[in-house]
Amino acid sequence: KAGVTQTPRYLIKTRGQQVTLSCSPISGHRSVSWYQQTPGQGLQFLFEYFSETQRNKGNFPGRFSGRQFSNSRSEMNVSTLELGDSALYLCASSFGESDTQYFGPGTRLTVL
Amino acid sequence: KNEVEQSPQNLTAQEGEFITINCSYSVGISALHWLQQHPGGGIVSLFMLSSGKKKHGRLIATINIQEKHSSLHITASHPRDSAVYICAAVFGNEKLTFGTGTRLTIIP
């Protein structure tokens, strides 16, 4: 069974631009969660989607948004990028909302 | 406030030693996760537990609900166990809150 895939793996953007990251969950998994990891703040929860509905949202500004499609694939978007948005963005999928999560390799975003 | 604390921050041990990493949390939780992150960023979920003890190979995770404390043990440690170990708690709001991680280095 293929694991969680994230695209792109690496991304360089400049301040003020916007970015869209993609996550394809393990086949059959309906829950996708997104996390941000930075050296200063560590891992932080961004959002959780289940069956196309956002179930939970972390404490991030409105510039961070996401969605989930009917095939459970998910995207997250960050608008008006700031230097502090440079981070590793991880997504994780699970079959149900309370099941073990399987993490993707992450997208490393650098904002210049 | 929902908080998760891990100790130690860094741990260096000789190959074969028994390793313990601790995690404590501030209020009641519904579940606790232990994650392993290797250099390069890849995260593997090791355990999810809400009570008692779980074992997988040389790894053992325990949780004491009353004391709000969990431990991850590694028996017969090996250099390939070198990684960052992160605990994460699911509080009532169902958001995962992460500890700061323990960087484990096993010396051959």
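Refer to the structure printed above.
Below is a summary of the structure that appears in this document. (Residues numbered from 1 in each chain as written. Chains lettered and ligands numbered in written order. Predicted model: local features only at pLDDT ≥ 70, side-chain atom pairs only at ≥ 80, totals over all residues. Heavy atoms only, no water.)

A word on the nonpolar core. Leu32(B), Trp34(B), Phe47(B), Leu72(B) and Tyr85(B) are the most contacted members of the largest nonpolar core, which totals 24 residues. Of all elements in the fold, only strand E3 (19-25), strand E4 (31-37), strand E5 (43-49), strand E7 (59-64), strand E8 (69-74), strand E9 (83-90) and strand E11 (102-107) of chain B reach the threshold of two or more residues within this core. Of all hydrophobic cores here, the second largest spans 21 residues; its members include Phe64(A), Val78(A), Ala87(A) and Cys91(A). (Core = buried A, V, L, I, M, F, W, Y, C linked by side-chain atoms within 4.5 Å. Buried < 20%, exposed > 50% of the residue type's maximum accessible area, 1.4 Å probe, protein only. Helix = DSSP H or I, 4+ residues; strand = E, 2+ residues; numbered from the N terminus.)

Below, the discussion takes up the interface of chain A and chain B. Counting residues at the interface gives 18 residues for chain A, matched by 12 residues for chain B. Interface area, chain A with chain B, both sides summed: about 1,300 Å², of which 56% is carbon and sulfur. Interface area lost by chain A to chain B is led by Leu43(A), Asn56(A) and Phe103(A), which between them contribute 37%. Where chain A packs against chain B, one counts 0 salt bridges. (Contact = heavy atoms within 4.5 Å. Buried area = accessible area lost by both parts, 1.4 Å probe. Salt bridge = Lys/Arg side-chain N within 4 Å of Asp/Glu carboxyl O.)

A full pass over the atoms with the stated rule returns 5 aromatic pairs over all chains. Taken together through their ring pairs, the aromatic side chains of Tyr35(A), Phe45(A), Phe103(A) and Phe98(B) make up a single cluster. (Phe/Tyr/Trp six-rings, centres within 6.5 Å; stacked < 30°, edge-to-face > 60°.)

The next subject is the side chain of Ser45(B). Considering the arrangement of structural elements, one finds Ser45(B) in strand E5. For Ser45(B), a relative accessible area of 18% translates into the label buried. Apart from residues no more than four positions distant in its own chain, Ser45(B) is found in contact with Thr100(A), Gln101(A), Trp34(B) and Leu35(B).

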